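# Structural description and commentary
Each chain, written out:
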Amino acid sequence: MKDVRLLTEMFIPGALVGPFTQAHPGLGGVCTFVGEVRGGEGQDTGVEALELSHYEPLTLRSMEELADKAIERFDLMGLLIVHRVGEMRVGEPIVLVSAAALHRRGAIDAVDFCMDHLKSAAWFWKREKREEGWRWIEPRAGDYADLARWSKKEPAV
């Protein structure tokens, strides 16, 4: 039902999503998000690499707890979360979240919920390498605002 992985090596998203989808016959929808190291345009021009470090005793356990919350909250058939740590180059995948549900809305919302938590939670520390060297990256105010919306009470259906 849940598959949560913390990887130190590059992964191929399609090689993971295909088997995940196949393992959930009868699903009504699957939603997948893949985040990659940016570096080509806008403020990210000049990024050469991204490095994620983490607090090992807490990270995987916290990711599994997040998966459990998402599965329960969105009535999922399955959830796949894969996150890289270590140094990554521009264009490499950092994170993959894929949710399978009977209905599309549950899958879409579950992926959004997980990404908002992964983006703002303190399990990972990020730094990027540019021509002038390494610098730490903090979550933006918008990342915290995205996370805060999940703590609001949902309207009755």
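Please refer to the structure placed before this passage.
Residues numbered from 1 in each chain as written. Predicted model: local features only at pLDDT ≥ 70, side-chain atom pairs only at ≥ 80, totals over all residues. Heavy atoms only, no water.

## Quick notes on the overall build of the protein
Helix and strand counts for the protein come out as 4 helices and 8 strands. Taken against the 2.2 N^0.38 rule, which gives 15 Å for 157 residues, the C-alpha radius of gyration of the protein at 16 Å falls within 12% of a compact globule. Taken along the three principal axes of its C-alpha coordinates, the protein extends 50 × 35 × 35 Å. The burial tally for the protein puts 39% of its 157 residues in the buried class. Pairs at least 24 residues apart make up 76% of the contacts formed inside the protein by residues separated by at least 6 positions. (Helix = DSSP H or I, 4+ residues; strand = E, 2+ residues; numbered from the N terminus. Rg over C-alpha atoms; globule rule 2.2 N^0.38 Å. Buried < 20%, exposed > 50% of the residue type's maximum accessible area, 1.4 Å probe, protein only. Contact = heavy atoms within 4.5 Å.)

## A closer look at the pattern of salt bridges
Taken as a whole and judged by the stated rule, the model has 12 salt bridges. A salt bridge links Arg61 to Glu65, with the shortest nitrogen-to-oxygen separation between them at 4.0 Å. One end of the pair is Arg61 and the other is Glu65, both in helix 2 (residues 56-73) and 4 residues apart, which spans about a single turn. Under the relative-accessibility criterion, Arg61 is labelled partly exposed at 46%. Judged by relative accessible area, which is 42%, Glu65 ranks as partly exposed. Ionic pairing is found between Glu92 and Arg84, a salt bridge with its closest N-O pair at 3.2 Å. When its relative accessible area of 17% is taken as the criterion, Glu92 is described as buried. (Salt bridge = Lys/Arg side-chain N within 4 Å of Asp/Glu carboxyl O.)

## Digging into the packing of aromatic side chains
In the structure shown here, the tally under the stated rule is 3 aromatic pairs. Judged by centre distance (5.9 Å) and plane angle (90 degrees), the rings of Phe74 and Trp150 are edge-to-face. Note that Phe74 is positioned in the loop between helix 2 and strand 4 (76-84) and Trp150 in the segment after helix 4 (141-148), a separation of 76 residues in sequence. Trp150 matches Phe74 in its accessibility class, with the two residues each being buried. Through successive ring pairs, a cluster of aromatic residues spans Phe74, Phe113 and Trp150. Of note, Arg127 hangs over the ring of Trp136, and the distance from its end group to the ring centre comes to 5.7 Å. (Phe/Tyr/Trp six-rings, centres within 6.5 Å; stacked < 30°, edge-to-face > 60°. Lys NZ or Arg CZ within 6 Å of the ring centre and 35° of its normal.)

## Remarks on the pairing of strand 4
Summarising burial for strand 4: 8 of the 9 residues are buried, a large majority. As defined by bridge partners, strand 1 (residues 2-7) adjoins strand 4 across 6 bridges and the pair is classed as parallel. Bridged to Leu7 within strand 4 is Arg84. Both strand 4 and strand 6 (residues 93-101) contribute to a ladder of 7 bridges, which runs antiparallel. Paired with Gly78 across the bridge in strand 6 is Ala100. (Pairing = 2+ DSSP bridges.)

## Considerations on a nonpolar patch on the surface
Where nonpolar side chains cluster on the molecular surface, the patch consists of Tyr55, Leu58, Trp125 and Trp136 and spans about 450 Å² of accessible area. Structurally, Leu58 is set in helix 2. (Patch = residues over 30% accessible without salt bridge, like charges linked within 9 Å, V, L, I, M, F, W, Y side chains within 5 Å. Areas by Shrake-Rupley, 256 points an atom, 1.4 Å probe, with all protein chains shown as cover.)

## Regarding the sheet that holds strand 4
Spatially, the 4 strands line up as an open sheet ordered 1-4-6-2, and their pairing is mixed. Edge strands, defined here as strands with exactly one partner in the open sheet, are strand 1 and strand 2 (29-36). Neighbouring strand axes in the sheet, compared pairwise and without regard to direction, differ in orientation by 5 degrees on average. Across the sheet, helix 2 lies against strand 1 and strand 4, angled at about 150 degrees from strand 1, the strand it touches most. (Axes fitted to C-alpha atoms, helices over the stretch in contact; angles between N-to-C directions.)

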